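Observations on the model geometry
What follows is each chain in one-letter form.
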Amino acid sequence: MLDDTDRRILRYYQSDPEAPAARLAESAGVTATTLSRRLDRMRDTGVLKGVRNVINWPALGYEVEVSLRVTLDKTEARAFDEFIPAARLVPEVIEIQTFLGQVDVRLSVIARDMAHYQQLYRDQLLVLPHINDIEALMQVARVKGQEALPI
């Protein structure tokens with residue numbers, strides 16, 4: 001699937017995804033044409049899913065991040081099918097994950113401050129369909145947040 005050259009390209013690419021192609025090619029020890037061809041192939045095969053910008057939420061005034069662990073009422077056949085689309089409609093829900101086990105869904109929620117979070121919690125989160133139990137985990141600090149892989 002990936003050879004040593006691909007892995008070398010990916011190491012440099014993930015450390016600086018905005019680097020100009022010429023500098024990335026030089027760092028990886030390949031020509032610009034080779035770099036372009038290999039990146040295109042990795043995109044076509046799904047290894048690379050795209051380049052994205054990460055928003056610094058606190059810089060926009062969102063100081064609170066909460067992880068909600070939700071257990072759904074599984075006696076309702078459509079619990080997941082109705083909960084997920086409703087949760088997607090809450091703009092402050094920035095991530096939704098589903099699980100097998102005691103916890104069914106985890107929501108990452110951002111808020112400007114505690115008053116804003118309390119309003120969101122009461123008015124938009126607790127009213128989501130089919131919630132059996134909900135546990136809030138207030139984030140104190142992000143200790144590690146990188147997505148780079150050890151290639």
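Below, the structure is looked at part by part. (Residues numbered from 1 in each chain as written. Predicted model: local features only at pLDDT ≥ 70, side-chain atom pairs only at ≥ 80, totals over all residues. Heavy atoms only, no water.)

A word on the sheet that holds strand β4 (residues 131-138). Taken in spatial order, the four strands line up as β2-β3-β1-β4 in an open sheet, and their pairing is antiparallel. A strand with exactly one partner marks an edge of an open sheet, and here the two such strands are β2 (93-98) and β4. Each neighbouring strand pair of the sheet contributes to a mean axis angle of 20°, computed without reference to strand direction. With five bridges connecting them, β2 and strand β3 (residues 105-111) associate as antiparallel partners. By the bridge assignment, Q97 is partnered in β3 with R106. Its contacts with the sheet put helix α4 (residues 79-88) on β1 (64-72), β2, β3 and β4, and the angle it makes with β2 is roughly 160°. The sheet contacts of helix α5 (residues 114-125) involve β1, β2, β3 and β4, and relative to β3 the element is tilted by about 135°. (Pairing = 2+ DSSP bridges. Helix = DSSP H or I, 4+ residues; strand = E, 2+ residues; numbered from the N terminus. Axes fitted to C-alpha atoms, helices over the stretch in contact; angles between N-to-C directions. Contact = heavy atoms within 4.5 Å.)

Its twelve residues give α5 an end-to-end C-alpha distance of only 14 Å, which falls more than 12% under 16 Å, the value for a rise of 1.5 Å per residue. Each element contacted by the buried residues of α5 is listed here: β1, β2, β3 and β4. Between the side-chain oxygen of the N-cap and the backbone nitrogen of A115 there are 3.2 Å, and the N-cap of α5 in question is D113. (Expected span 1.5 Å × (residues − 1). Polar contact = N/O pair within 3.5 Å; in protein donor to acceptor, adjacent residues only side chain to side chain.)

This next bit is on the pattern of salt bridges. In this structure the tally under the stated criterion is twelve salt bridges. The salt bridge involving D16 is made with R23; its shortest N-O contact spans 2.8 Å. Its relative accessible area of 45% is what places R23 among the partly exposed residues. Salt bridges sharing common partners tie together D3, D6, R38 and R41. (Salt bridge = Lys/Arg side-chain N within 4 Å of Asp/Glu carboxyl O. Buried < 20%, exposed > 50% of the residue type's maximum accessible area, 1.4 Å probe, protein only.)

Evaluated as defined, the whole model comprises two aromatic pairs. Seen from their ring centres, W57 and Y62 are 6.0 Å apart, and the 80° between their planes marks the pair as edge-to-face. Y62 gets classed as partly exposed once you look at its relative accessible area, which sits at 21%. (Phe/Tyr/Trp six-rings, centres within 6.5 Å; stacked < 30°, edge-to-face > 60°.)

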